[in-house]
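# Working through the structure, step by step
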Amino acid sequence: MDVTLVDYLTGLPNMNYFMGLASEKKDKLAKQQENAAILFFDLYGMRKFNNEYGFEQGNVLLKSFAGLLINFFGNTNCCRIGGDDFAAITEEDGIENKIQNLLENCKALVKVEGQIVEVTVHIGVYLFKTEDVGINLACDRAKLACAPIRQSNESGHNYYDITISQANEKRQYIIDNLDKALEEHWITVYYQPIVRAVSRRVCDEEALARWIDPVKGFLSPADFIPILEEAKLIYKVDLYILEQVLEKMKFMASKGFYMISQSINLSRSDFEVCDIVEEICKRIDSSGVPRNKINIEITESILGQDFEFMKLQIDRFKKLGFSVWMDDFGSGYSSLDVLHQIQFDLIKFDMSFMRQLDKGKNAKIILAELMRMASALGVDTVCEGAETEEQVQFLMEIGCSKIQGYYFQKPIPVEQILEKYEKGNQIGFENPDEAHYCETIGRINLHDLSVISQNEDGFNSFFSTLPMVIFETSEDSVKFTRYNQSYHEFFERYYGISLQNEAVPIQTIMQGPGASFILVLRQATKEGKRLFIDVNLPDGSVAHYFIRKMEENPVTKTSAVVAAVLSIKDAEQREIYANLARALASDYFSLYYVNLETDEFIEYKSIASKEELSTERHGDEFFRRARLDALTHLYEEDVDAFIKVFTKENILKQIEETGTFVHVYRLVKFGIPYYVNMKAVQMTTNKKYLIIGVSNVDAQVKEQKLLAQVRQNQLVYSRLMALSGDYLCIYVINPEDNSYIEFQGSTNFDSLGISKNGKDFFEDTQKNAEHAVAEEDREEFKRRHTKECIMKDIEKDGVFISSHHLLINNERVKISLRCVLAQENGENRLIMGMRKV
Ligand code: C2E
Ligand code: MG
Ligand code: MG
């Protein structure tokens, strides 16, 4: 064959020669009443093949493919156009079979080092019956028909139709006008809020490109982004969008808005045509915006090709301080494996999940499981495409921390965001200082109880649909921030109210049936503990709750508390407890309900002045625990006695003998001991249960003790008086503070029974001297009966002695008085006795 007519490598006709040959073939077929078709072949991945196996092998591949074409079409009906592109002409009839056969053969086209290497081939087909055009144009159209499948990794074919031409025309328009569109700002940024599920405030915004063209009108990303991606020009748009975003951030900050993180989207070719990491970093740093305020969104499809390279680029972004988000998670195949290998800061679930959600239960399970997995990996989550309240509720239940979708807001330009703010109908922005707090409470999957049982020994974490709720409490309000469907139903059933996400003032709740719960909630918040508590429900039954404080908002000081309803007891059972409790003592502060067979118990604590029990703690080994607790909570002196008497056997013995078991001891609070009275009875209806009430009897006991002390003293002094005969009266004075007690031994003194107390003996003495001491002795009496004189005499002689006349019932009575210093219970006391002489 003439060398100017053939391809040097494959020996096939070259393009020019083929034009003539194909035209002849077409005419020949027409004469046989047959339609012709042009096929365009693209060996996909030829460059990669060359890189991997070398040009030598690449040439072998091209020659083999040429041989295949000759086999199928004959050596005058095909050509090599150039590079890895080939063309062929054939009759339309049977074309499908021919193509399938040919693709089948491509699977084993070449062997490298004994191994078969599969080659991907894309075929575009032009049928002349579409329009009778020249061979040249038919070849162009067959090539165009290849475009829609050009990026596919699999072999395949596609027929030309008119829309392909139109698409091509549009494609050309986009590419030709890109620079102008950027210059003239035809390309502009729309922002879509990403809303924090728990607070329903905007925590991020995604920047999305729009092309508003003077000729073509409004173009959405789908119209121009794939074209620019393919043409490897998209980096221009992406960097331009970034610049616009940075401008907008500074503008919003100047208006006094919080600086909200902005997400930008990147395409695969951004990484191929420039060092996009470097380019982005340069622009952000010179703008003064912190790097952590920009989120880089990368779709999982980008990662598919050349994974290692992309992993490196993502690591670079992360090391530089950017957040890297995986966009459209779940839209491809490799998702799970990718997550394992790259630590994304956030996973954005593809919109298709939302579309599936309404279709059945499986979609819910899958999404809930994926969310659980993300949470386990410590990765934040967003779900795109939420359009209904039901979808939003579900996402909140399963712990999706952020939500994006038309339900909240479509993408809008910045002017519209401002306009909405001015009109007061824009969703508020989140204070970035609260972000961590919100993230924590948002991430909990309310279908997953393990969150409340973390590190809790022996707690069954296999319940899956317990009513669960997250409250946020502040000084003056409580908000049901997140709850699952079961809690919603629980609340509606028992309180007859539909739950709202709005904060409710504490005052309002305190007037209603939820008062005791709120008190407990606040206790949990204050103490930061895990609590098991019982909450009275309006119908008299009791909800047994588990409560745990999770986080405190550093800005608002609001605390987030997670609560789960573990069981609900019916009203009847509750009644028994309550009645018994009241019967036991009206002022108990603790009540134990003990199962004598198992030693298991429930502890109730009454809250402040409330006439009801509300705190509940479950436990086992009651008697052993009580004795152990005694070591830490009881006043030291009372511990031994308590441990001795507080055994099951002893308690039951006493109950058998007297009907109750009573024991008084001291507890210590803030270092101060106080008396409590423990009283135990057996339940009459069911002997298996012991009810033990503990009440505070500090005041009574102290009064009794004082009384006993005084009686004791009186005994001593009256004995003294009896022994020494005629004491009229004895004073016991405390020299520290001059207080005194007077014991009277004579009816003349009109005994008050026990005693007469006074605050200041010496002052009272001086005062009383005015009327009680006879006039002639009065001055001398007053001079000598000062504390100084008395103490001086005692110091000198061991005793103070005086004698004088008193006026008793208008009679002058001579009195002898002696005073000594004595020790009473380890303290100094002046003992002064008065006697008739
Ligand atoms: P994407 O990054 O996944 O962006 C989310 C897309 O979902 C946006 O479409 C948004 O308008 C849409 N969307 C959000 N909520 C809803 C909803 O509730 N219902 C429905 N039906 N759609 C919702 P958009 O703006 O058309 O963007 C499409 C895609 O184009 C983006 O998907 C992104 O991959 C790409 N893209 C957009 N702007 C840029 C850009 O500046 N650079 C690059 N490289 N790609 C961009
Ligand atoms: Mg995106
Ligand atoms: Mg997306």
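Rules behind the numbers
Each chain carries its own residue numbering, running from 1 in the written order of its sequence. Labels are handed out in written order, letters beginning with A for the chains and numbers beginning with 1 for the ligands. Only residues with pLDDT of at least 70 get local features here, since the model is predicted, and only at 80 or more are side-chain atom pairs given and counted; chain-wide, interface and lining totals rely on the full set of residues. For the side-chain quantities, the full set of heavy atoms in the structure was used; hydrogens and water were omitted. The helix count covers DSSP runs of H or I at least four residues long, the strand count covers runs of E at least two residues long, and both are numbered beginning at the N terminus. The rule is simple: take the accessible area with a 1.4 Å probe, protein chains only, and divide by the maximum for that residue type; under 20% is buried, over 50% is exposed, in between is partly exposed. Any two residues whose heavy atoms approach within 4.5 Å are treated as being in contact. Under the convention used here, a 1.4 Å probe and the Shrake-Rupley method define accessible areas, while residue burial counts only the protein chains that appear. Residues enter a nonpolar core if they are buried and are Ala, Val, Leu, Ile, Met, Phe, Trp, Tyr or Cys, with the set joined through side-chain atoms within 4.5 Å. For Na, K and Ca the donor cut-off is 3.2 Å, while for other metals it is 2.8 Å, and in both cases only N, O and S atoms qualify; water is not among them, so sites may look incomplete. By the convention used here, strands pair only if DSSP detects at least 2 bridges between them. A fitted line through C-alpha atoms represents every axis, and for helices the fit uses only the stretch in contact; the resulting angles, taken between N-to-C directions, go from 0 to 180 degrees. Here a residue is near a molecule or strand as soon as one of its heavy atoms is found within 4 Å of it. Definition of a polar contact: a pair of N or O atoms within 3.5 Å, with one able to donate and the other able to accept a hydrogen when the atoms are protein atoms, and with sequence-neighbouring residues admitted only if both atoms are side-chain atoms. Note that Gly is not counted as nonpolar here; it falls among the polar residues with everything else outside the nonpolar set of Ala, Val, Leu, Ile, Met, Phe, Trp, Tyr, Cys and Pro and the charged set of Asp, Glu, Lys and Arg. Just to be clear on terms, a salt bridge is a Lys or Arg side-chain nitrogen sitting within 4 Å of an Asp or Glu carboxyl oxygen. For classification, angles of less than 35 degrees are called roughly parallel, those exceeding 145 degrees roughly antiparallel, those between 65 and 115 degrees roughly perpendicular, and all remaining angles oblique. Handedness of a helix crossing follows the sense of rotation of the near helix relative to the far helix, less than a right angle counterclockwise being left-handed and clockwise being right-handed. Here the aromatic set is Phe, Tyr and Trp, taking the six-membered ring for Trp, and pairing holds for ring centres within 6.5 Å; pairs whose planes are under 30 degrees apart are stacked, those over 60 apart are edge-to-face, and all others are tilted.

The protein chain has the name Diguanylate cyclase (GGDEF) domain-containing protein in an unreviewed UniProt entry, where Treponema bryantii is given as its organism.

## Some remarks on the overall build of the protein chain
Helix and strand counts for the protein chain stand at 30 helices and 34 strands. Burial analysis of the protein chain (837 residues in total) assigns 49% to the buried set. Considering only intrachain contacts with a sequence separation of at least 6, the fraction spanning at least 24 residues in the protein chain is 59%. For the protein chain, the accessible surface area stands at approximately 42000 Å², while carbon and sulfur atoms represent 49% of it.

## Some thoughts on the nonpolar core
Judged by nonpolar contacts, the single largest core of 87 residues is most densely connected at I280, I294, L303, L367 and L395. In terms of residues, this core owes the most to one element, helix 8 (residues 234-254), which gives ten residues. In this structure, L303 is in contact with I298, M310, I314, M326, V338, I342 and F344, ignoring residues within four places of it in sequence. Among the nonpolar cores identified, the runner-up in size contains 32 residues, and L9, F65, C78 and I95 belong to it.

## Quick notes on the coordination of the magnesium ion (ligand 2)
Coordination sphere of the magnesium ion (ligand 2), protein contribution only: E206 (OE), N265 (OD1), E297 (OE) and D327 (OD), at 1.9 to 2.2 Å. Site description for the magnesium ion (ligand 2): donor spacing in sequence, E-x58-N-x31-E-x29-D. A spacing of 4.0 Å is found between the magnesium ion (ligand 2) and the magnesium ion (ligand 3), which share D327 as a donor. Of this pair, E206 sits in strand 9 (residues 202-213) while D327 sits in strand 13 (residues 323-329), placing them 121 residues apart in sequence.

## Focus on the pairing of strand 9
Of all twelve residues that make up strand 9, eleven are buried, and the element is covered over most of its length. Alignment of strand 8 (residues 187-196) against strand 9, held across nine bridges, turns out to be antiparallel. Looking across to strand 9, one finds that I194 is bridged to D204. The loop that links strand 8 with its antiparallel partner strand 9 comprises five residues; one of these, R200, has a positive phi angle of about 55°. The sheet contact formed by strand 9 and strand 11 (residues 261-266) spans three bridges and is parallel. By the bridge assignment for strand 11, E206 is matched with S263. Relative to strand 10 (residues 217-219), strand 9 runs antiparallel, the two being bridged by three bridges. Note on strand 10: the bridge partner recorded for W211 is L219.

## Describing the sheet that holds strand 1 (residues 36-44)
In space, the five strands of this open sheet follow the order 2-3-1-6-7, with mixed pairing throughout. Either end of the sheet is taken by a strand with one partner, and the two such strands are strand 2 (78-82) and strand 7 (156-159). Each strand of the sheet is rotated relative to its neighbour by a mean of 25°, with strand direction disregarded. Bridging between strand 2 and strand 3 (residues 85-91) involves four bridges; their strand directions are antiparallel. Residue C78 lies in a different strand from strand 3, and its bridge partner there is A88.

## Observations concerning the site of ligand 1
Residues in close proximity to ligand 1 total 24 residues, the closest being D238, S267, D327, E387 and Y406. Here an oxygen atom of ligand 1 and a side-chain polar atom of R210 are 2.9 Å apart. In the model, an oxygen atom of ligand 1 is placed 2.9 Å from a nitrogen or oxygen of the N265 side chain. Out of a free accessible area of 800 Å², ligand 1 has 84% covered by protein chains. Ranked by residues supplied to the shell around ligand 1, first place goes to strand 9 with four residues. Considered class by class, the residues forming the shell around ligand 1 number eleven nonpolar, five polar and eight charged.

## Observations regarding the coordination of the magnesium ion (ligand 3)
Around the magnesium ion (ligand 3), the donor atoms from the protein are D327 (OD), D328 (OD), E384 (OE) and E384 (OE), and they sit 2.0 to 2.6 Å away. Site description for the magnesium ion (ligand 3): donor spacing in sequence, D-D-x55-E.

## Examining the pattern of salt bridges
Under the defined criterion, the tally for this structure stands at 38 salt bridges. Between D285 and R291 there is a salt bridge, and its shortest N-O distance comes to 2.7 Å. Accessibility expressed as a relative area gives 38% for D285, which makes it partly exposed. Overall, the relative accessible area of 27% leaves R291 in the partly exposed class. Between K318 and D345 there is a salt bridge, with the nearest N and O atoms lying 3.3 Å from each other. Residue K318 is located in helix 12 (residues 307-319), and its partner D345 is located in the loop between helix 13 (335-341) and strand 14 (346-349); the two are separated by 27 residues in the primary sequence. Within this structure, E206, E297, K348 and E384 form a network of salt bridges that share partners.

## With respect to the packing of helix 10 (residues 276-287) against helix 12
Where helix 10 contacts helix 12, the two axes come as close as 10 Å, and the packing angle between them is 20°. As summarised for this structure, helix 10 and helix 12 are arranged roughly parallel, according to the angle between their axes. With respect to the hand of their crossing, helix 10 and helix 12 are arranged in right-handed fashion. Between helix 10, through V277, E278 and I280, and helix 12, the contact on the second element is made entirely by Q313, R316 and F317. In terms of residue class, the contact of helix 10 with helix 12 is built from three nonpolar, one polar and two charged.

## Remarks on the environment of T598
Position of T598 relative to the elements: it lies in the loop between strand 23 (588-595) and strand 24 (601-606). Its relative accessible area of 42% is what places T598 among the partly exposed residues. Engagement of the side chain of T598 in a polar contact is seen with the backbone nitrogen of E600, the distance being 3.1 Å.

## What about the pairing of strand 17 (residues 468-473)?
The side chains of a regular strand alternate between both faces of the sheet. For strand 17, the tally of buried residues reaches six of six residues, placing the bulk of the element in the interior. Two strands pair when backbone bridges link them, and strand 17 and strand 18 (residues 477-483) are joined in this way by five bridges, in the antiparallel orientation. Note on strand 18: the bridge partner recorded for T473 is V478. Two successive antiparallel strands, strand 17 and strand 18, enclose a turn made up of three residues.

## What to know about the packing of helix 28 (residues 761-772) against helix 29 (residues 775-784)
Contact pair helix 28 / helix 29: the axes reach a minimum separation of 10 Å and the direction vectors enclose 175°. Taken together, the axes of helix 28 and helix 29 lie roughly antiparallel to each other. Only R778, F781 and K782 of helix 29 make contact with helix 28, whose side of the interface consists of T765, Q766, A769 and E770. Here the contact of helix 28 with helix 29 is built from residues that sort into two nonpolar, two polar and three charged.

## Comments concerning the packing of aromatic side chains
Taken as a whole and assessed by the stated rule, the structure comprises 38 aromatic pairs. With 6.2 Å between their ring centres and 65° between their planes, Y190 and F218 make a pair best called edge-to-face. One end of the pair, Y190, is in strand 8; the other, F218, is in strand 10, with 28 residues separating them in the sequence. Residue classification places Y190 among the buried residues on the basis of a relative accessible area of 16%.

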